[in-house]
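If you want the building blocks of each chain, they are given just below.
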There are 2 protein chains.
Amino acid sequence: MDLRRLRYFVAVAEARSVGKAAERLRMAQPPLSVQIRKLEAEIGAPLFRRGTRGMDLTEAGQALLARASEALALAADGAEAARAVASGRRGRLSVGYMFVLANAVLPRLIPELRRSIPGVDLDFAELSASTREARLLDRSVTVALCMPAINHPEIQVARIGAQPFMLAMPIRSPLARLSAVPMAKLQGRPLIALPWPDHDPASSAVAALLRRHQIVMPIASRVETVHSAMSLVLAGEGLAILPACAQLGAPRGIVFRPLRDATDSIDIAVCWRRDSQSPLIRTFLKCAEKAVAPM
Amino acid sequence: MDLRRLRYFVAVAEARSVGKAAERLRMAQPPLSVQIRKLEAEIGAPLFRRGTRGMDLTEAGQALLARASEALALAADGAEAARAVASGRRGRLSVGYMFVLANAVLPRLIPELRRSIPGVDLDFAELSASTREARLLDRSVTVALCMPAINHPEIQVARIGAQPFMLAMPIRSPLARLSAVPMAKLQGRPLIALPWPDHDPASSAVAALLRRHQIVMPIASRVETVHSAMSLVLAGEGLAILPACAQLGAPRGIVFRPLRDATDSIDIAVCWRRDSQSPLIRTFLKCAEKAVAPM
DNA sequence: CCATTGGCATACCGAAAACGTATGGGTTGA
DNA sequence: TCAACCCATACGTTTTCGGTATGCCAATGG
């Protein structure tokens, strides 16, 4: 059962004539006649009544015609759908993001994406750092919004912005009275620490910041997420040095203050599999850059 | 876009491997690999990710897979449907019948047909004699139940039974007191006549009957249908010589009596286009014979 | 570090299928 | 009776397909 035969069959059925159909198909009449007879042989029954004034569908032919046209349309639609997905006009874009970025980035990012790629199903998942990496690698998410970027040979990274570090503390903290906190004031105070990228203490931007200013802060607790850090800060367990955007999701009772003399910042990055050929990534990158531009 | 390519594509997608799919398709691996690449070239985008452990669908491939499987199923279903129609397992059987036969034949015929050809859509239409002929010729009915048979070179006829003629008269008629009416009693009485087949007076069985008994009955009215004839009989316009089965649909006030010494009968026949190759006709004929057998 | 294995891609050749041209045969209508 | 129309058949050419042989690459194991 060949799709070309079906196409020929539908053409002849619609033209009610081999000659007319051949003309429309831009081919000679005899080979078309042969193909129709081969199709009839394959089915095992005549599909047309041959009259002196052209061809007319038999009932078996009518039964075939309906499904054949549908099959043709489906095949064409399948090819078109595949092309549309490959070109990024349709498909699915699965985005893994970290919770801190939700309030800061998503409200501008999502409308921008819906405008840019209206045919694409968007799928957002709030994921922890390690899950983002794992799901990028197994392709169950296409891109990830990270802070900081994932460091992995298979994963490509594009920096789209940065967040200055700020000090997060309970509102009753004496430091909260300052409009900006000098680094020196942090000496010896307990720190609520976040995970180091790649389990390497030196790779942490906060560690680097403290080291450069020769500040030592004992680690009171180590938590996985910025929000856990803020909870512990609120509980009086210690201070946290967090990206500025964390303010947007901070609970009442926490205040943020800039660190005087510290221009350090943490990168916001888009990460994706190096071998992913999804054309949606470029678009996503553009939209993400736009979304973080005002920050 | 070739259906074979789609079949190959689906096989590879399901086996997640060219080699395995080739085995299942009973062909060598290289040509299958070539066909897949040709399909990708036709679509204009890669459909598989080639890994060291086999093939994996890209998103474009997934988009194609859904429709390709559907298209394959539709094509197979179309072929099967055409075969089913050609073999008489499915399809439509359009039956034209005359009103007089409705009560006599249809109650036994219809259940018989539904049992014999459950997959076939039945379509019954009560039609006048000339309409039956016309619609057989233009193929808008497949078979016709006639009494008497249609006489036309394009139309084939099978006699499935016969109905003896009876005399229909008002219940108050003096003849109604007889259990059987001798032909001689009809002499000179007004007759309600039905149309002659082929507009040929000699071809009418009733005319032949009267001629053979040398009876002359003046024609009081000429009507198209048996039921009209009975209406006029009831109105006292004359007598009618009708097939026995007309009793079943006769209005109150009409009685039927056999004609003594007249063994004449009128044929019940199934008629169809000589060039119709519908396999349903044979089945219909069998069922119709069964349905009229007790009569 | 090299050999082996597993899997897909490429090259080439023979076979099958399709297409075009030429032509036949049947019916219709002038 | 002839011309026109339409489908079917025949035959040669070209395209395409499938099989065999082989190459390339990565992962695996000694």
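Residues numbered from 1 in each chain as written. Chains lettered and ligands numbered in written order. Predicted model: local features only at pLDDT ≥ 70, side-chain atom pairs only at ≥ 80, totals over all residues. Heavy atoms only, no water.

## Describing the protein's contact with DNA strand D
Argument step 1. Around DNA strand D there are 20 residues in total, and S33(A), R37(A), R50(A), Y8(B) and K38(B) lie nearest to it.
Argument step 2. Across the atoms of DNA strand D situated within 4 Å of the protein, the share located in sugar and phosphate is 67%.
Argument step 3. Here S33(A) contributes a side-chain N or O atom positioned 2.4 Å from a phosphate oxygen of DNA strand D.
Argument step 4. Note that a phosphate oxygen of DNA strand D is positioned 2.4 Å from one of the side-chain N or O atoms of R37(A).
Argument step 5. Secondary-structure elements contributing two or more residues to the surface near DNA strand D are α2 (18-24), α3 (29-43) and β2 (54-57) of chain A together with α1 (3-15) and α3 (29-43) of chain B.
Argument step 6. Partitioned by chemical class, the residues of the surface near DNA strand D number eight nonpolar, seven polar and five charged. (Near = heavy atom within 4 Å. Polar contact = N/O pair within 3.5 Å; in protein donor to acceptor, adjacent residues only side chain to side chain. Helix = DSSP H or I, 4+ residues; strand = E, 2+ residues; numbered from the N terminus. Nonpolar A, V, L, I, M, F, W, Y, C, P; charged D, E, K, R; others polar.)

## Some remarks on empty space enclosed by the protein
Residues and elements named next belong to chain B.
Argument step 1. Following the criterion strictly, the structure yields one cavity of 30 Å³ or more and no others.
Argument step 2. In this structure, the largest cavity occupies an estimated 30 Å³ of space.
Argument step 3. Lining the largest cavity are F99, V100, N103, H227, C245, A246, L248 and G249.
Argument step 4. Sorting elements by how many residues they give to the lining of the largest cavity places helix α5 (residues 99-116) first, with three residues.
Argument step 5. Of the residues belonging to the lining of the largest cavity, the class tally is five nonpolar, three polar and no charged.
Argument step 6. Inspection of the lining of the largest cavity shows a minimum of three residues originating in each of domain 2 (91-160 + 267-292) and domain 3 (162-266). (1 Å grid on protein atoms, 1.4 Å probe; cavity = no way out; pocket = protein on both sides within 12 Å on 5 of 7 lines; lining within 4 Å. Points joined across faces, edges and corners; volume = space filled by probe spheres on them. Domains from an automatic or database assignment.)

## Details of the protein's contact with DNA strand C
Argument step 1. Of all residues adjacent to DNA strand C, which total 22 residues, the nearest are Y8(A), K38(A), S33(B), R37(B) and R50(B).
Argument step 2. Considering the 4 Å shell around the protein, atoms of DNA strand C inside it are sugar or phosphate in 73% of instances.
Argument step 3. Here a phosphate oxygen of DNA strand C sits 2.9 Å away from a polar atom, N or O, in the side chain of R5(A).
Argument step 4. Between S33(B) and DNA strand C, the recorded distance is 2.3 Å, taken from a side-chain N or O atom to a phosphate oxygen.
Argument step 5. For the surface near DNA strand C, the secondary-structure elements that each account for two or more residues are α1 (3-15) and α3 of chain A together with α2 (18-24), α3 and β2 (54-57) of chain B.

## Structural notes on the packing of α5(B) against helix α9 (residues 280-292) of chain B
Residue and element names in this part refer to chain B.
Argument step 1. With their axes 8 Å apart at the nearest point, α5 and α9 run at an angle of 140 degrees to one another. The orientation of α5 with respect to α9, classified from their angle, is oblique. By crossing handedness, the relation of α5 to α9 is classed as right-handed. Note on element contacts: α9 touches α5 through T283, F284, C287, A288, K290, A291 and V292, opposite V105, R108, L109, E112, L113, R115 and S116. (Axes fitted to C-alpha atoms, helices over the stretch in contact; angles between N-to-C directions. Parallel < 35°, antiparallel > 145°, perpendicular 65-115°, else oblique. Left-handed = near helix turned anticlockwise from the far one by under 90°. Contact = heavy atoms within 4.5 Å.)

## Observations regarding the relation of the copies chain A and chain B
Argument step 1. Each copy superposes on the other: chain A lies on chain B with an RMSD of 0.1 Å after a rotation of 180 degrees and an axial shift of 0.0 Å. Look at the turn and shift together and you get a two-fold axis relating the two.
Argument step 2. With an isologous cut-off of 70% or more, the 100% of interface residues of chain A that recur at the interface of chain B puts this contact in the isologous class. (Least-squares fit on C-alpha atoms with pLDDT ≥ 70 in both.)

## Re the domain arrangement of chain A
Argument step 1. Partitioning chain A into domains gives domain 1 (3-87), domain 2 (93-160 + 268-292) and domain 3 (162-266).
Argument step 2. Of note, the centres of domain 1 of chain A and domain 2 of chain A, computed from C-alpha atoms alone, are 47 Å apart.

## Points about the UniProt feature "domain: HTH lysR-type" (unreviewed entry) in chain A
Argument step 1. Residues given the UniProt feature "domain: HTH lysR-type" (unreviewed entry) here are residues 1-58 of chain A.
Argument step 2. End-to-end, the C-alpha atoms of residues 1-58 of chain A are 19 Å apart, and along that stretch the chain is 60% helix and 14% strand. (UniProt positions renumbered as here; feature names shortened; annotations may be inferred.)

## Some thoughts on the side chain of E40(B)
Residue and element names in this part refer to chain B.
Argument step 1. One can find E40 in helix α3.
Argument step 2. Within the structure, E40 has its side chain in polar contact with the backbone nitrogen of F48 (distance 3.2 Å).
Argument step 3. Apart from residues lying up to four places away in sequence, E40 is in contact with A45, P46, L47, F48 and R50.

## Quick word on unusual backbone geometry
Residues and elements named next belong to chain A.
Argument step 1. Here M147 and P148 are connected by a cis peptide whose omega angle stands at 5 degrees.
Argument step 2. The phi angle at R26 is positive, at roughly 55 degrees, despite the residue not being glycine.
Argument step 3. Within the secondary structure, R26 sits in the loop between α2 and α3.
Argument step 4. You will see that Q214, though not glycine, has its phi angle at about 55 degrees, which is positive.
Argument step 5. Since its relative accessible area comes to 69%, Q214 is described here as exposed. (Buried < 20%, exposed > 50% of the residue type's maximum accessible area, 1.4 Å probe, protein only.)

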